[in-house]
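# Structural characterization, general
For reference, the chains in residue letters:
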Number of protein chains: 2
Amino acid sequence: MQTEIIPAESSFHNAMTEPMPVVEIFSQGDEIVTGQTVDTNAAWLSEQFVLAGFHVSRHTTVGDRLDELAGLLREVAARADFCVCTGGLGPTADDLTAEAVGLAFDRPLECDPEAERQIEAYFTRAGRDMPRANLKQAMLPGGARRIDNSWGTAPGFALQADRCHFAFLPGVPFEMKNMFLESVRAQLGLYWNARPLRLVTLRTVGIGESSIQERLESVDFPDNVRLSFRTGPLENQTKLLFQPDVPIERLRAFTKQVAQAIGSPVFGIDGLDEDPGDLLDVIGRGMTRESHRLSVLETLSCGQVASRCAGAHWFIECTVVRDHVQALAKLGLAGPSLLEKSALLEGAASLAQALRRQAASDLAIAQLWDFDQDLLAERSSVVNVYTALAATSAVYTDHCTVGGTRPRKQAVAATRALDLLRRYLQGIL
Amino acid sequence: MQTEIIPAESSFHNAMTEPMPVVEIFSQGDEIVTGQTVDTNAAWLSEQFVLAGFHVSRHTTVGDRLDELAGLLREVAARADFCVCTGGLGPTADDLTAEAVGLAFDRPLECDPEAERQIEAYFTRAGRDMPRANLKQAMLPGGARRIDNSWGTAPGFALQADRCHFAFLPGVPFEMKNMFLESVRAQLGLYWNARPLRLVTLRTVGIGESSIQERLESVDFPDNVRLSFRTGPLENQTKLLFQPDVPIERLRAFTKQVAQAIGSPVFGIDGLDEDPGDLLDVIGRGMTRESHRLSVLETLSCGQVASRCAGAHWFIECTVVRDHVQALAKLGLAGPSLLEKSALLEGAASLAQALRRQAASDLAIAQLWDFDQDLLAERSSVVNVYTALAATSAVYTDHCTVGGTRPRKQAVAATRALDLLRRYLQGIL
């Protein structure tokens, strides 16, 4: 059932001639098989393996039953070359992973003195007495190699059984991720010639996936780049996965070509130099650099611009009202022309200017919409959103239509307001 | 490999004497094994099985490879009694589930004329031409029973192979959930004497899990009730899972006892009569019933009270400022005593009253905090939050301390403000 030594000639994978290893991910825990917890560890690990140039063939989850665990471990040992297992390393009675490994592969548990020392040190640092139960976490299957955990109490461990190299990590995502990156990823490279792919992500707001695809029709994609999209509530991402053989200059030039094809909706690019962070990080750097201060008047987005700016030193104040009539009254503006629906873009501009004068800020954003609760609630209807940014030198405006559910319309309105500010700061208005 | 007819004597499960069936969940899709998508279907299905009185022993995911799919289907057929499979029923080339089932169990695909008619009708209703590729979705493995899909194009199907009853459903969560509830859940009852558990959920805000546990120490939990907790950013839930043999009067009485032990943090109870919805639903009913209107002044929560009220007809306006000095200036209040940190609760009360007078609302909430950016950023530090609700008859105040990350502190502050309103509306202030 077990092989301790890997023959030297099989320990190095030549990607040109040998088949790729079979990789599996295995999650343990009743909280997962009863549906109490969604398993996000498996998705994260899968992505790491893809980036490292491997193919994950299977995810499996079982609960806290010793026989089911041991049975699954034997199955995996017989069919996979590498397996990361998460969960079941805690101090309680239903944490059974080490015991199951001992049972499956006939390796009785032994106390690892260094693991015991580390667990005691963890509690000493935290200023707490160590519960006796935690000593259980120092009991590792015979012959296993300890994987240190600098982020929590449970050490992980690695061992080989049958054809499979196993790495056992805690289920707490923060600990698991750090231990994978620090210890397990490098271990992969000991056995197989990993040829890491390179992922470049173009981050956009204010443009949908289908529009991005249209803009990319003019770009000639080589065979060694894979294109994919990820759509989220706050931004859309265009992902370029480059094969290992693409030279860095070629990668940079191609990324630039793709960014130019998409145009101004690209607010940042991950995976090249320093990652830019999200839209608020990009805005925050611009606001800090220029010592700007911002005031906001929201309608449709109903506090979402403010809450996305939470914690920013450059964010001064925000007023949330329901519609343009209330907005005009609030800022002491009047004039029948500003109350016309046809003049809402002009109205937003006047409001932004008034807000800029009244508040202690050099930048002000005001946003209005064609206040119609029926259109707002109806998923298939669109509403008009009018945004204005008043700066020292000029007022910039933006008009768009937004569809979808009410929460989507409100989130998109907030993003449009912030993106107008981003484009101002990046000098592309 | 396959059995078409279940012997009559084995088709009914006597929960007292027979072992429970082995249930598995199987998800298909490259987007899952590459980590592009987190599999939330498996968690949802697991919870449904637990509620129906079954034990899920395993989740498995494989990508879009015909041999891996067929191999896994044969494994499951040999070891499980019931399996729900999601994904791989779409019209594209990488949707391989039906083909894999045909291969695994030697059942060549056949066109299901009714499925074809339903797919055509779906496109007619949507006013679109049916792409040829969608006809593929009408090809089902020989002998399979169609599961109608009233929510999308892909029909599901059910069949038995070896010892296992399989149900194949689309991977789109909305379609999958509806089809499971409409067709698959009832099918379970055909083969086993399902004894559904009853889940009652006490929904709370403003109290942590450990405090709830302390308050429940006085409650004597019988063996036929299982207690669990779910902690979320917006509310904490105390879950009571009752065995099928608990009479409804006993269940009601025990739930009442638990609710009384927890006390005023319980804002609603799911699973007894009509579900109350979330905190905003409960508040919305109270505001509508009393024709109240609300204005808000936020500091720490920075727009989160407003954004959680988005779309509510009773929500009038909100002002977001950084600290008490700015808040007092904004509402035209002054007086050095109100600027003292020791008088922030009094300050919040004055602000709420002023806001109530100035705005067109009969209720006003104002919230202040001991404006200290260092404490805010430090995870291990707590900040003080002072909330006041001004109503026609009186001003109600609330003081609490909040710890954790900056986003957590801000979210908890928003929840405290809304919960003060909830308790006012429920008459428990």
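What you see is a predicted model, and the numbers here were worked out from it, not measured in a lab.

## Regarding the environment of L197(A)
All names here are of chain A. Tracing the chain through its elements places L197 in the loop between α6 (173–191) and β9 (198–204). The class for L197 is buried, based on a relative accessible area of 18%. Those residues in contact with L197, other than ones at most four positions away along the chain, are V50, L51, G53, L241, F242, Q243 and P244.

## Let's talk about the pattern of salt bridges
Residues and elements named next belong to chain A. The full count for this structure, using the stated rule, is 36 salt bridges over all chains. Notably, a salt bridge pairs E24 with R79, separated by 2.6 Å at the nearest N-O pair. With a gap of 55 residues between them, E24 in strand β1 (residues 23–28) and R79 in helix α3 (residues 66–79) connect regions that are remote in the sequence. When sorted by exposure, E24 lands in the same class as R79, which is buried. Across the salt bridge formed by R146 and D148, the nearest N and O atoms sit 2.7 Å from each other.

## Some thoughts on the interface of chain B and chain A
Contact residues are listed per partner, giving 51 residues for chain B and 52 residues for chain A. Taken together, the two surfaces of chain B and chain A that pack against each other cover about 4000 Å², and 46% of this comes from carbon and sulfur. In this assembly, chain B and chain A are joined by 6 salt bridges. As a salt-bridge pair, K330(B) and E317(A) come within 2.6 Å of each other at their nearest N and O atoms. The interface formed by chain B and chain A contains 22 residue pairs in polar contact (both at pLDDT 80 or more). When residues of the side of chain B that touches chain A are assigned to their parent elements, the largest contribution, 7 residues, is made by strand β2 (residues 56–62) of chain B. Taken together, the residues of the side of chain B that touches chain A break down into 18 nonpolar, 21 polar and 12 charged. Relative to strand β14 (residues 315–320) of chain B, strand β14 (residues 315–320) of chain A is paired through 3 bridges, and the arrangement is antiparallel. Its bridge partner lying in β14(B), V320(A) is registered against C318(B).

## Thoughts on the packing of helix α9 (residues 279–289) of chain B against helix α14 (residues 406–425) of chain B
Residues and elements named next belong to chain B. Contact geometry for α9 and α14: axes closest at 9 Å, N-to-C directions at 45 degrees. Between α9 and α14, the interaxial angle falls into the category oblique. Here the hand of the crossing between α9 and α14 comes out left-handed. Taking contact as the criterion, the partners of L279, L280, V282, I283, G286, M287 and R289 in α9 are, on α14, T415, L418, D419, L421, R422 and L425.

## Comments concerning the relation of the copies chain B and chain A
Relating one copy of the chain to the other takes a rotation about an axis and a shift parallel to that axis. The transform that puts chain B on chain A rotates by 180 degrees and translates by 0.0 Å along the axis, for an RMSD of 0.1 Å. The two molecules are tied by a two-fold rotation axis, judged by turn and shift.

## Topic: the pairing of β9(A)
As a general feature of sheets, a regular strand has side chains that alternate between the two faces. Residue and element names in this part refer to chain A. β9 sits mainly inside the fold: 5 of its 7 residues count as buried. With 7 bridges connecting them, β9 and strand β11 (residues 236–242) associate as antiparallel partners. When the sheet's bridge partners are listed, V200 is paired in β11 with L240.

## Thoughts on the confidence of the model for chain A
Residues and elements named next belong to chain A. Mean pLDDT over chain A works out to 89, with 94% of the residues at or above the 70 mark. Overall, residues 1–17 carries pLDDT values under 50, and its contacts beyond four positions in sequence, including any with other chains, amount to 36 contacts. Quick note on the complex model: pTM equals 0.83, ipTM equals 0.82.

## Structural notes on the packing of aromatic side chains
Going through the model one piece at a time under the given rule, you end up with 28 aromatic pairs over all chains. Judged by centre distance (5.6 Å) and plane angle (70 degrees), the rings of F49(A) and F180(A) are edge-to-face. With F49(A) in helix α2 (residues 41–51) and F180(A) in helix α6, the pair connects residues that are 131 residues apart, well separated along the chain. The same class applies to F49(A) as to F180(A), namely buried. Each ring, one from F54(B) and one from W192(B), has its centre 6.4 Å from the other, and the planes form 75 degrees; the classification is edge-to-face.

## What to know about the sheet that holds β11(A)
Residue and element names in this part refer to chain A. Strand order in the open sheet formed by 4 strands is β10-β11-β9-β12, and the pairing between neighbours is antiparallel. The outermost strands of the open sheet, each flanked by one partner alone, are β10 (225–231) and β12 (266–270). Neighbour-to-neighbour, the strand axes of the sheet open up by a mean angle of 20 degrees, direction not taken into account.

## Some thoughts on α3(A)
Compared with an ideal rise of 1.5 Å per residue, which puts 14 residues at 20 Å, α3(A) spans 20 Å between its outermost C-alpha atoms and is within 8% of the ideal. Within α3(A), the full set of buried residues consists of E68(A), L69(A), A70(A), L72(A), L73(A), V76(A), A77(A) and R79(A).

Parameters and conventions
Residue numbers here run from 1 along each chain, matching the order of that chain's written sequence. Both sets of labels track the order of writing: A upward for chains, 1 upward for ligands. Where totals are concerned, whole chains, interfaces and linings use all residues; where local detail is concerned, this predicted model gives features only for residues with pLDDT of at least 70, and gives and counts side-chain atom pairs only at 80 or more. Side-chain metrics rest on all non-hydrogen atoms present in the structure, leaving aside hydrogens and water. Labels follow the DSSP assignment, with helices taken as runs of H or I lasting at least four residues and strands as runs of E lasting at least two, numbered in each case from the N terminus. Exposed residues in this analysis have more than 50% of their type's maximum accessible area, buried residues have under 20%, and partly exposed residues fall in between, with area computed by a 1.4 Å probe over protein chains only. The contact criterion used throughout is that any non-hydrogen atoms of two residues lie within 4.5 Å. One side-chain nitrogen of Lys or Arg within 4 Å of one carboxyl oxygen of Asp or Glu is enough to make a salt bridge. Note on definitions: buried area is the accessible-area loss of two parts on being combined, 1.4 Å probe, summed for both. Any pair of N or O atoms that falls within 3.5 Å is considered a polar contact. Within protein, one atom must be able to donate a hydrogen and the other to accept it, and sequence-neighbouring residues count only if both atoms are side-chain atoms. Here the nonpolar group is Ala, Val, Leu, Ile, Met, Phe, Trp, Tyr, Cys and Pro; Asp, Glu, Lys and Arg are the charged ones; every other residue, Gly included, is treated as polar. One requirement defines pairing of two strands: DSSP has to find at least two bridges between them. Convention adopted: a line fitted to C-alpha atoms gives each axis, helices being fitted over their contacting stretch, and angles between N-to-C directions are expressed from 0 to 180 degrees. Each angle gets one of four labels, with under 35 degrees taken as roughly parallel, over 145 as roughly antiparallel, 65 to 115 as roughly perpendicular, and the rest as oblique. Left-handed describes a crossing whose near helix is turned anticlockwise from the far helix through less than a right angle; right-handed describes the clockwise counterpart. Here the copies are matched by least squares. The fit uses the C-alpha atoms of residues with pLDDT of at least 70 in both. Across the chain, each position has a pLDDT score giving the predictor's confidence in that residue, from 0 to 100. Under the pairing criterion, centres of Phe, Tyr and Trp rings, with the six-membered ring standing for Trp, must be within 6.5 Å; the plane angle then separates stacked pairs below 30 degrees from edge-to-face pairs above 60, leaving the rest tilted. By this rule the span expected of a helix is its residue count minus one, scaled by 1.5 Å.

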